[in-house]
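# Report on the structure
Here are the chains, one letter per residue:
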Amino acid sequence: AQSVTQPDIHITVSEGASLELRCNYSYGATPYLFWYVQSPGQGLQLLLKYFSGDTLVQGIKGFEAEFKRSQSSFNLRKPSVHWSDAAEYFCAVGLTNNAGNMLTFGGGTRLMVKP
Amino acid sequence: GAGVSQSPRYKVAKRGQDVALRCDPISGHVSLFWYQQALGQGPEFLTYFQNEAQLDKSGLPSDRFFAERPEGSVSTLKIQRTQQEDSAVYLCASSFRSGAGGYEQYFGPGTRLTVT
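All of these numbers come straight from a predicted model, not from anything done at the bench.

Thresholds, definitions, all that
- Residues numbered from 1 in each chain as written.
- Chains lettered and ligands numbered in written order.
- Predicted model: local features only at pLDDT ≥ 70, side-chain atom pairs only at ≥ 80, totals over all residues.
- Heavy atoms only, no water.
- Helix = DSSP H or I, 4+ residues; strand = E, 2+ residues; numbered from the N terminus.
- Buried < 20%, exposed > 50% of the residue type's maximum accessible area, 1.4 Å probe, protein only.
- Contact = heavy atoms within 4.5 Å.
- Areas by Shrake-Rupley, 256 points an atom, 1.4 Å probe, with all protein chains shown as cover.
- Lys, Arg positive; Asp, Glu negative; His and termini not counted.
- Charge placed at Lys NZ, Arg CZ, Asp CG, Glu CD.
- Salt bridge = Lys/Arg side-chain N within 4 Å of Asp/Glu carboxyl O.
- Buried area = accessible area lost by both parts, 1.4 Å probe.
- Polar contact = N/O pair within 3.5 Å; in protein donor to acceptor, adjacent residues only side chain to side chain.
- Phe/Tyr/Trp six-rings, centres within 6.5 Å; stacked < 30°, edge-to-face > 60°.

## Observations concerning the overall build of chain B
When helices and strands are tallied, chain B shows zero helices and eleven strands. Dimensions of chain B along its principal axes, counting C-alpha atoms only, are 45 × 25 × 25 Å. Per-residue burial for chain B yields a buried fraction of 47% across its 116 residues. Across chain B, every contact between residues at least 6 apart in sequence was considered, and the portion connecting residues at least 24 apart equals 51%. If you sum the accessible surface of chain B, you get close to 5,600 Å²; carbon and sulfur atoms cover 46% of it. When the 12 positive and 11 negative side-chain charges of chain B are each reduced to one mean point, those points stand 6 Å apart.

## Considerations on the pattern of salt bridges
Under the defined criterion, the tally for this structure stands at nine salt bridges over all chains. Here Glu104(B) and Lys49(A) are joined by a salt bridge, their closest N and O atoms 2.5 Å apart. Highlighted residues: Glu104(B) in strand β10 (residues 103–107) and Lys49(A) in strand β6 (residues 44–50), drawn from two different chains. The class of Glu104(B) is buried, set by a relative accessible area of 3%. We classify Lys49(A) as partly exposed; its relative accessible area is 26%. Note that Glu68(B) and Lys78(B) form a salt bridge whose closest N and O atoms lie 3.3 Å from each other. One end of the pair, Glu68(B), is in strand β7 (residues 65–68); the other, Lys78(B), is in strand β8 (residues 75–79), with ten residues separating them in the sequence. For Lys78(B), a relative accessible area of 31% puts it in the partly exposed group. Connected through salt bridges with shared partners, the residues Glu64(A), Glu66(A) and Arg77(A) form a single ionic network.

## Observations regarding the interface of chain B and chain A
In this complex, chain B contributes 27 residues to the contact, which on the side of chain A involves 21 residues. For the pair chain B and chain A, the summed buried area comes to about 1,800 Å², and 56% of that belongs to carbon and sulfur atoms. Linking chain B with chain A are five residue pairs in polar contact (both at pLDDT 80 or more), by the criterion used here. Among the elements of the structure, β4 (31–37), β5 (44–50), β9 (88–97) and β10 of chain B are those that each provide at least two residues to the side of chain B that touches chain A. A per-element tally of the side of chain B that touches chain A places β10(B) first, with five residues.

## Some remarks on the packing of aromatic side chains
Scanning the entire structure with this criterion turns up 17 aromatic pairs over all chains. Seen in terms of ring centroids, Phe34(A) and Phe51(A) are 5.8 Å apart; in terms of plane orientation they differ by 75°. Their pairing is edge-to-face. Separated by 17 residues along the polypeptide, Phe34(A) in strand β5 (residues 32–38) and Phe51(A) in the loop between β6 and β7 (56–58) bring together distant segments of the chain. Assigned by exposure class, Phe34(A) and Phe51(A) land together as buried. Between Tyr36(A) and Phe105(A), the ring centres sit 5.9 Å apart and the planes meet at 50°, which makes this aromatic pair tilted. Taken together, the residues span a long stretch of sequence, with Tyr36(A) in strand β5 and Phe105(A) in strand β11 (residues 103–105) at a distance of 69 residues. Tyr36(A) sits in the buried class, given a relative accessible area of 0%. Overall, the relative accessible area of 9% leaves Phe105(A) in the buried class. An aromatic cluster is built from Tyr32(A), Phe34(A), Tyr36(A), Phe51(A), Phe90(A), Phe105(A), Phe33(B), Tyr35(B), Phe45(B), Tyr48(B) and Phe107(B), whose rings are joined through pairwise contacts.

So far we have only geometry, and geometry alone does not tell us how the molecule works.
Written out as structure tokens, the structure reads:
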């Protein structure tokens, strides 16, 4: 069965510093990969996704992620963190490219931003 | 346009009570998903509808959980005889095929269920 691992439960960075959140997946074929952000009391907002093609994908709010097949990773990055980025981040994998593409999520990484 | 909406946003139930959680998907989205998110964890898949057909219910944790989408739009997740382990946030998502060629899921704000 497929699985998603986010090794870092909590990360604290200073405002203006760069950020990298790690995501590793386990699946036999090329998955469809997503990053979502969840603010307290809110649902999940899609930051970016990888379906195929260019392995470096750009998302909203200045985030990007790189798919590395050899490492089974899809790490999320941002060059300069803003205080408003403090939230929980979830990596997710979908196995199929059809309408019934259920997502398997990692356990999440909580990002805290120091002023 | 309007996103996915869910109601109620918060629900407190006594153990043994039945509850019904509602999801209004984005208009025109034929696919609808329910997920359960326990405290401090990532969401876990419960069930999937395509229009009114429930095509996958493999994630429903017990036969106390029941979901329906009778007209292919609004969906209701019902939990009978609630137990404390049912306490979680229940997320609904609707899906469409994006211009990039894959399917994206858009989530509602969730219903936080607390069973006392």
